[in-house]
Amino acid sequence: MDNKWIGISKNFIFKASDLRIVLIGKNGSENRRVGNTILGRAAFDSEAPYYLRQSSDRISGEVEEKIITVFNPHLLQPNFPQGMITDGVRECVSLSAPGPHVFVLVLQHSNFNENDRHRVEYVLNLFSYQAMKHTIVLTTDDEPRGSTFASKNNSILGLLKECGGGHLKFNTISTGWRFEMFRRTKEILKKECKEFLICDVYEDEGDGTSVDEDLSRSGGSVRGDKKEKKNSDLKENTKIGCDGGVTTTGKAKLNIVLCGNDSTLKNSVSKIFRGKTNEPQEEMSKACQKREGTIHGRQISVIELPALTRLSEEEVMREILHCLSLCDPGVHLFILVTPVTPLTNEERAEMAKVKEIFYSQEHFMVLFITDLTVDKSVSDFVESTESQSVVSLYGSWYFVMGLQDQKNTEKILKILDVINSMKTEPYSLQTYIRAPEQRVRHELEKKLRVRDNEIKEEKIKTLESVKLNLVVCGSKRELRSFISNLILNQSERRSELSSECVRRDVELHGRLISLVELPALFNTQLSEEEVMRQTHRCVSLCHPGVHVFIIIIPDAPLNNEDKAEIEEIQRIFSSRINKHIMILIKQNSEHQTEKLNEETQSVIQSFGGRHHFIDLNTQVSVLMEKLEKMVEENNGVCFSTETLVEAQMEKLLTF
């Protein structure tokens, strides 16, 4: 026989090369120190907050020809909720399958009292009523002397009497205690005639209270009647597997999480789902509340998630992780509970928060609740646009329920049937971690779809011709509006154009015309910064650039305002704009003439000599021919945002 196998009895063999050790202690740094010494390396070094860690750290290594796996569950934190402790034990049992060999209690004489002792007994009892017999006490400090510490020493002595493995003294220099721990482990297993400890996994009735509160109510100890009830529950709800593990019988338990702003409604829904409608109403809590129930033979865990908008960011993180840790293997369904009333701002904020954090449409259902029964007015409200917009945030699944309805049980069963038919995996911690990535990916896909639609629409609008981009400039708003409406064949309709560029599009003679009115740049209330913003905006609205800048002036000697506006346009856009300028001269019908004064002629010549007379009877088609000829002369080159930036950079470099 291989010398790594040591016979212990006729029916029992202990494999000395495989050892699973669970550390139990309330001092995290001391637990890590012990774990590192057992493994002979710095394996446990995390100082992360407990609510960001897994319930159990598991690290393996080879020590003295043995494969040692050390589990460091964080189970003795003060004020831990009972449900969180139970789930931590369950996770540790799962990780140490088919079962741990020994528990090592890491204690300190200077920091251990009767409450700590009762807490240790409570946690060990969750693993198994026989866990104490598989326990070794390891102290990491010297035993104090004097009566001041007598009660604390007595607490450890009382614990030693219950343990089957006696007491060891930790030492970082000499690791003889480690060899002694291995030896005592073999003695324990030999005495118990077991290859490993079979843990009593069972569903706790966790009500969200802390272990300290639970121990206080029960007199500070794990009582015998609780052990008997636990053993009875095990006979009814579990069976022993061939490898000594435990499996549940019947249908899998469903985990349901209730979300929403109204704690009273969530508590009422929880009672309906669990068939406990006679339970007293619970007070509002800032912590997750987990409650168990059975409906038509199906076990249900209902977790009431507190209103997230009332918590700090740290509290939100803690409660989300706590909620998910209470649901093994994950949340089968999130139910957003909302009243059949118009939404308040607080309710809208809570819905948005829930959506942002969990980001799933596959695991959500919206449940509309009314205090009485569901009648036509309730149905009409749920079918309204506002209510359906809420539903669309979380998918398409919703239900309506009245707290006084007699058929609520039937509705619950329908919901459970739908959950059973769902092909999606439960919402787990891993799903939550991937949620931000999913949100970014979906938002990007949405933007791409919007952009694709815009491109398709743009292609349709351009028809068979190239788009012509026009910008109308000038000091007088009425003249700008006149030429804009003339080209677009529209009536005057907006007054805000005096301060903001707006693009208007029209199909004209088989060609798409985009026209932007640039507000007056000189002698206005606009700051220099706003003037630059508007000029950049007017060019950027004309993708890929402006084909023609139209400057509209009256058929009269130019006044100072007209001159200043023209100089401002050329100052900002530079001389590069000259080949893109068409000057339109507005004439009166009674005094039409094509003779221009000398000053106006000089302005026109400075911009290349292109001009056109217009009045109310002007044929737009003639004007468009001139504009198109001008674009052809420029070989289709337009004045783009890049051109504008280059012009402004050149101007800066001249200073």
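Residues numbered from 1 in each chain as written. Predicted model: local features only at pLDDT ≥ 70, side-chain atom pairs only at ≥ 80, totals over all residues. Heavy atoms only, no water.

- Looking at an unreviewed UniProt entry, one finds the protein chain named GTPase IMAP family member 8-like protein, with Labeo rohita as its source organism.

Quick look at the overall build of the protein chain
Then step 1. A tally of regular secondary structure across the protein chain gives 20 helices and 22 strands.
Then step 2. Buried residues in the protein chain amount to 50% of all 655 residues.
Then step 3. Long-range pairs, those at least 24 residues apart, make up 75% of the contacts in the protein chain with a sequence separation of at least 6.
Then step 4. Of the roughly 32900 Å² of accessible surface on the protein chain, a fraction of 50% belongs to carbon and sulfur atoms. (Helix = DSSP H or I, 4+ residues; strand = E, 2+ residues; numbered from the N terminus. Buried < 20%, exposed > 50% of the residue type's maximum accessible area, 1.4 Å probe, protein only. Contact = heavy atoms within 4.5 Å. Areas by Shrake-Rupley, 256 points an atom, 1.4 Å probe, with all protein chains shown as cover.)

Side note on the sheet that holds strand E19 (residues 511-517)
Then step 1. Ordered by their spatial adjacency, six strands build an open sheet running E18-E19-E17-E20-E21-E22, and the pairing between neighbours is mixed. The strands lining the two open edges of the sheet, one partner per strand, are strand E18 (503-508) and strand E22 (611-614). Averaged over neighbouring strand pairs, the angle between their axes works out to 25° when direction is ignored.
Then step 2. Pairing of E18 with E19, which is carried by six bridges, proceeds in the antiparallel orientation. Within the sheet, the bridge partner assigned to Leu 508 lies in E19 and is Arg 511.
Then step 3. Packing of helix H19 (residues 620-633) onto the sheet brings it into contact with strand E17 (468-473), E18, E19, strand E20 (548-554), strand E21 (581-586) and E22, and relative to E21 it is tilted by some 160°. (Pairing = 2+ DSSP bridges. Axes fitted to C-alpha atoms, helices over the stretch in contact; angles between N-to-C directions.)

Some points on the pairing of strand E6 (residues 102-107)
Then step 1. For E6, the tally of buried residues reaches six of six residues, placing the bulk of the element in the interior.
Then step 2. The two faces of E6 match: Val 102, Val 104 and Val 106 on one face and Phe 103, Leu 105 and Leu 107 on the other face are all buried.
Then step 3. Pairing between strand E3 (residues 18-24) and E6: four bridges, direction parallel. Bridging across to E6, Ile 21 finds its partner in Val 102.
Then step 4. Pairing analysis gives five bridges linking E6 to strand E7 (residues 135-139), with the strands arranged parallel. The partner of Val 104 across the bridge, within E7, is Ile 136.
Then step 5. Between the parallel pair E6 and E7, the chain is carried across by helix H3 (residues 114-127), and the sense of this crossover is right-handed. (Right-handed = clockwise from strand over helix to strand, strands pointing away.)

Description of the sheet that holds strand E14 (residues 333-339)
Then step 1. The mixed open sheet is built from six strands, whose spatial order is E12-E13-E11-E14-E15-E16. Edge strands, defined here as strands with exactly one partner in the open sheet, are strand E12 (289-295) and strand E16 (398-402). On average, each strand axis in the sheet is tilted by 25° relative to the strand beside it, whichever way the strands run.
Then step 2. Pairing between strand E11 (residues 254-259) and E14: four bridges, direction parallel. If you follow Leu 258 over to E14, its bridge partner there is Ile 335.
Then step 3. Each of E11, E14 and strand E15 (364-370) touches helix H10 (residues 345-358); the most contacted strand, E14, lies at about 170° to it.

So, the packing of helix H17 (residues 560-573) against helix H20 (residues 641-653)
Then step 1. H20 packs onto H17 with a crossing angle of 90° between their chain directions and a minimal axis gap of 8 Å. With respect to H20, the element H17 is oriented roughly perpendicular. In this structure, H17 uses Arg 571, Ile 572 and Phe 573 to contact H20, whose residues at the interface are Leu 644, Ala 647, Gln 648 and Lys 651.
Then step 2. The residue inventory of the contact of H17 with H20, partitioned by class, reads four nonpolar, one polar and two charged. (Parallel < 35°, antiparallel > 145°, perpendicular 65-115°, else oblique. Nonpolar A, V, L, I, M, F, W, Y, C, P; charged D, E, K, R; others polar.)

Structural notes on the environment of Val 89
Then step 1. Here Val 89 shows up in helix H2 (residues 82-95).
Then step 2. Look at Val 89 and you get buried, because its relative accessible area is 5%.
Then step 3. In this view, Val 89 contacts Leu 75, Val 123, Leu 126 and Phe 127; residues no more than four positions away in its chain are not counted.

Concerning the nonpolar core
Here is a general trend for soluble globular proteins: nonpolar side chains tend to be buried in one another's company.
Then step 1. Val 257, Leu 305, Ile 320 and Phe 358 are the most contacted members of the largest nonpolar core, which has 37 residues in total.
Then step 2. For this core, the secondary structure elements donating two or more residues are E11, helix H9 (313-325), E14, H10, E15, helix H11 (376-382), helix H12 (385-393) and helix H14 (429-462).
Then step 3. If you tally residues by element for this core, the top one is H9, at five residues.
Then step 4. Judged by nonpolar contacts, the second largest core, of 32 residues, contains Val 471, Met 532, Val 539 and Phe 613. (Core = buried A, V, L, I, M, F, W, Y, C linked by side-chain atoms within 4.5 Å.)

Re the packing of aromatic side chains
Then step 1. Counting across every chain of the model gives 12 aromatic pairs.
Then step 2. A centroid spacing of 5.7 Å and a plane angle of 75° characterise the contact between Phe 358 and Tyr 427, whose relative ring orientation is edge-to-face. Of this pair, Phe 358 sits in helix H10 while Tyr 427 sits in the loop between helix H13 (408-421) and H14; the two residues are 69 residues apart in sequence, bridging distant segments of the chain. Tyr 427 shares its class with Phe 358; the two are buried. (Phe/Tyr/Trp six-rings, centres within 6.5 Å; stacked < 30°, edge-to-face > 60°.)

So, the packing of helix H15 (residues 477-488) against H19
Then step 1. Remark: H15 packs on H19, axes separated minimally by 10 Å, with the N-to-C direction vectors making an angle of 100°. Taken together, H15 and H19 sit at an angle that is classed as roughly perpendicular. On H19, the residues touching Ile 483, Leu 486 and Ile 487 of H15 are Val 620, Leu 623 and Met 624.
Then step 2. A class-by-class count of the residues in the contact of H15 with H19 yields six nonpolar, no polar and no charged.

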